[in-house]
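Breakdown of the fold
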Amino acid sequence: MRLRRGESPGRDPRGQPIPGPLVETDMPGCVVTPRAETPAVGGPEQTGRDTVIVGYTVYTPPGSDVLTTDQFRIRGEVCEVTGQPGDWGRSPFTGTAGPVQFAADRVTG
């Protein structure tokens, strides 16, 4: 399930955009795999915290619309898209369209 913010309804008293409504869109045909590697976490702001990162690699059907600002509901948890989604394009061997791949992470702590 993709979660994406809709258009902003306006600005707050300080001139900042108000987040638009969250729109959920079903994306059938996705494959989700756990990632063995997790992004590095560190820095003084995280000292003394129990940070846990749950990471997935997601493969969506060819031509899927995925933005870096999207969130995805994976196994009941909301995860952030991490980095730029990559479009595999066409296979040089078969000519068939490949998936759109991205990392999704849920960070707690």
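Structure's up top.
Residues numbered from 1 in each chain as written. Predicted model: local features only at pLDDT ≥ 70, side-chain atom pairs only at ≥ 80, totals over all residues. Heavy atoms only, no water.

**Some thoughts on the overall build of the protein**
- Regarding its fold elements, the protein presents 0 helices and 7 strands.
- Helices and strands appear in the protein in the N-to-C order β-β-β-β-β-β-β.
- Contacts spanning at least 24 positions in sequence make up 53% of the contacts within the protein whose residues lie at least 6 apart. (Helix = DSSP H or I, 4+ residues; strand = E, 2+ residues; numbered from the N terminus. Contact = heavy atoms within 4.5 Å.)

**A look at the side chain of R35**
- As for its position among the elements, R35 is in the loop between β3 (31-34) and β4 (52-60).
- A polar atom in the side chain of R35 sits 2.5 Å from the side chain of D105.
- Residues contacting R35, with those up to four places away along its chain left out, are G55, Y56, T57, A103, A104 and D105. (Polar contact = N/O pair within 3.5 Å; in protein donor to acceptor, adjacent residues only side chain to side chain.)

**Brief notes about the packing of aromatic side chains**
- Enumeration according to the criterion identifies 2 aromatic pairs in this entry.
- Judged by centre distance (6.3 Å) and plane angle (75°), the rings of Y59 and W88 are edge-to-face. In this pair, Y59 is assigned in strand β4 and W88 in the loop between β6 (77-87) and β7 (100-108), connecting sequence segments 29 residues apart.
- Classification of Y59 as partly exposed rests on a relative accessible area of 25%.
- Exposure remark for W88: the relative accessible area of 53% places this residue in the exposed category. (Phe/Tyr/Trp six-rings, centres within 6.5 Å; stacked < 30°, edge-to-face > 60°. Buried < 20%, exposed > 50% of the residue type's maximum accessible area, 1.4 Å probe, protein only.)

**A closer look at the pattern of salt bridges**
- For the coordinates displayed, the defined rule picks out 6 salt bridges.
- Measuring nitrogen to oxygen at the nearest pair gives 2.7 Å for the salt bridge that ties D70 to R4. Linking D70 in the loop between β4 and β5 (71-74) with R4 in strand β1 (residues 2-5), this pair joins segments that are 66 residues apart in sequence.
- The class of D70 is buried, set by a relative accessible area of 0%.
- Measuring nitrogen to oxygen at the nearest pair gives 3.2 Å for the salt bridge that ties E24 to R73. Placement of E24 in strand β2 (residues 22-25) and of R73 in strand β5 is noted, with a sequence separation of 49 residues between them.
- Since its relative accessible area comes to 43%, E24 is described here as partly exposed.
- What you see here is one network of salt bridges that share partners, running through R2, R4, D65 and D70. (Salt bridge = Lys/Arg side-chain N within 4 Å of Asp/Glu carboxyl O.)

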